[in-house]
Amino acid sequence: MKAWEKNIRRVTPYTPGEQPRQSNVIKLNTNENPYPPSPQVAEVLRQYTTDTMRKYPAVDAQPLVDEIAAFYGLEPQQVFVGVGSDDVLAMCFLTFFNSDRPVFFPDITYSFYDVWAELFRIPYERRPLDERFEIRAEDYYQENGGVIFPNPNAPTGVLLPLEAVEDIILHNQDVIVIVDEAYIDFGGTSALELIEKYENLLVVQTFSKSRSLAGMRIGYAMGNKKLIGYLNDVKYSFNSYTMNEMALALGTAAIQDHTYFEETTAKIIVTRERAKEEFRKLGFTFGDSRTNFLFVTHRTCPAKEIFEALKEKGIYVRYWNKPRISNHLRVTIGTDEEMDRLFAFLREYLGKE
Ligand SMILES: *Cc1c(COP(=O)(O)O)cnc(C)c1O
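My aim in this report is to walk through the structure given alongside it, one point at a time. Treat the numbers as computed from the prediction; the structure is a model and nothing was measured.

Taken as a whole, this structure holds 1 cavity of 30 Å³ or more when the rule is applied. Looking at the largest cavity, its volume works out to about 70 Å³. Every residue along the wall of the largest cavity is listed here: P36, P37, S38, S210, R211, S212, A254, D257, Y260, F261 and T264. Per-class residue counts for the lining of the largest cavity are 5 nonpolar, 4 polar and 2 charged.

The structure is reproduced here in structure tokens:
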């Protein structure tokens, strides 16, 4: 090793799901929304001019922050936006997890958490999910340096009831508790209603899944004004203009279209419930997902084999060769037609027809 290499901050990066180059694949591997964003987003895009690009974007991320606040009935000072919730969550780790005590998160969870902890040198401890892949609130009662978990959890899809979420917050009032609600719009109850009651709670959401804007990179955190103020201080010490002008404009159009949002999320929920029946008939088992994906395991056929056979067929799902989950597949809910093609292949592959 060269002497200068000793000074380098070395990290093992997060591995995102594959983005295959071919266009004829069925892409069920990164939890993207199968439907396009709201037609109002397309309309704003049509009217967009390059003159807007000459200037710096609004440093306070207006009008997007105001629209998000209006949608949830909050004040703008209770909303922080960033370049996808990944950016927001990274800022949260940097801002709120500064203790010598370990930050707690589940052993099976969003695999970016330990990457940020390593990057920022934050001590952490994984709290194992129970045998049904559920979070046990009691596992979060010990002293710690902060708590973060997705709800519903990913990649399990399992929703923790709001009472259990509140129980975790109640037992952790000396640290910041972050609930990562990337999938909450697909059938869960948000912890947002608790932000007035608990000043140490931060709720993080994204436009990437339920608002079909993964490519635009828009995420947000909601909490009390003090927490949001601390987040903004860190952001302004890092990069004042994280959100580009076009993302601000298109995101604003997306959140204004309530009807389209409700229609498309409802459609995905219907397809998901149908997919549960199909998977069950094919001999798969899974938890009760409240997200836009299912985390499935087959009674006899190894997940890795199914994963490879599907990929061969141009159907991409997600597989992790990791402890406890190496016999599971995470399958994003696509359109009905995409799901039908998935099930047609699986029926044939598993020899049911
Ligand atoms: C998708 C996802 C995110 C991040 O999404 P962005 O595209 O960065 O907004 C965060 N947390 C979980 C659990 C996710 O699944």
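More follows now that the structure is in view.
Looking along the chain, the bond that leaves Q62 and enters P63 is cis, with omega of 0°. Note that P63 resides in the loop between α2 (51–54) and α3 (64–72). Going from A154 to P155, the amide bond is cis rather than trans, its omega being 5°. One can find P155 in the loop between β5 (146–150) and α6 (162–170). Within the chain, F133 stands out as a residue other than glycine whose phi angle is a positive 65°. Of note, the phi angle at R324 is positive, near 75°, even though the residue is not glycine. For R324, the location among the structural elements is in the loop between β11 (315–316) and β12 (329–332). Taking the relative accessible area as the measure of exposure, R324 reaches 39% and is therefore partly exposed.

Attention now moves to the packing of helix α1 (residues 39–46) against helix α8 (residues 245–256). At a minimum axis separation of 8 Å, α1 and α8 run at an interaxial angle of 145°. Crossing angle aside, the handedness with which α1 passes α8 is right-handed. Where α1 abuts α8, its residues Q40, V41, V44 and L45 lie against M246, A249, L250, A253, A254 and Q256. Its residues assigned to classes, the contact of α1 with α8 comprises 8 nonpolar, 2 polar and no charged.

Turning to the side chain of E278, a few remarks are in order. Among the secondary structure elements, E278 is positioned in helix α9 (residues 258–281). Residue E278 is classed as buried on the basis of its relative accessible area of 14%. Engagement of the side chain of E278 in a polar contact is seen with the side chain of R347, the distance being 3.1 Å. In this structure E278 touches F343 and R347, once residues within four positions along its chain are discounted.

Once that is clear, we can look at the side chain of T242. Within the secondary structure, T242 is located in the loop between α7 (225–236) and α8. Exposure remark for T242: the relative accessible area of 15% places this residue in the buried category. Sequence-distant contacts of T242, that is, excluding residues within four places in its chain, are made with V81, G82, V83, D87 and K235.

For the ligand, the set of nearby residues contains 13 residues, the closest of which are S85, Y183, T206, S208 and K209. Note that a nitrogen atom of the ligand is positioned 2.7 Å from one of the side-chain N or O atoms of D180. Against a free-state accessible area of 390 Å², the protein chains account for coverage of 92% of the ligand. Of all the cavities here, the one that holds the ligand is the largest pocket. The greatest single-element share of the shell around the ligand, amounting to 4 residues, is contributed by helix α4 (residues 84–96). Partitioning the shell around the ligand into residue classes produces 5 nonpolar, 4 polar and 4 charged.

Unoccupied space between atoms shows up once a probe the size of one water molecule is rolled over them. Roughly 840 Å³ of internal volume is contained in the largest pocket. Together, 40 residues line the largest pocket, and Y14, Y110, S111, R318 and R330 are the ones closest to its centre. Every element with two or more residues in the lining of the largest pocket is listed here: α4 and β3 (103–106). Ranked by residue count, the leading element in the lining of the largest pocket is α4, at 4 residues. In this structure, the second largest pocket occupies an estimated 370 Å³ of space. If you trace the second largest pocket, you find 21 residues lining it, with T15, S111, R318, W320 and K322 closest to the centre. At the level of elements, α5 (113–119) and α10 (303–312) are the ones that each hand at least two residues to the lining of the second largest pocket.

Reading the values: the criteria
Residues numbered from 1 in each chain as written. Predicted model: local features only at pLDDT ≥ 70, side-chain atom pairs only at ≥ 80, totals over all residues. Heavy atoms only, no water. 1 Å grid on protein atoms, 1.4 Å probe; cavity = no way out; pocket = protein on both sides within 12 Å on 5 of 7 lines; lining within 4 Å. Points joined across faces, edges and corners; volume = space filled by probe spheres on them. Nonpolar A, V, L, I, M, F, W, Y, C, P; charged D, E, K, R; others polar. Helix = DSSP H or I, 4+ residues; strand = E, 2+ residues; numbered from the N terminus. Buried < 20%, exposed > 50% of the residue type's maximum accessible area, 1.4 Å probe, protein only. Axes fitted to C-alpha atoms, helices over the stretch in contact; angles between N-to-C directions. Left-handed = near helix turned anticlockwise from the far one by under 90°. Contact = heavy atoms within 4.5 Å. Polar contact = N/O pair within 3.5 Å; in protein donor to acceptor, adjacent residues only side chain to side chain. Near = heavy atom within 4 Å. Areas by Shrake-Rupley, 256 points an atom, 1.4 Å probe, with all protein chains shown as cover. Sits in = over half its atoms within 2 Å of the grid points.

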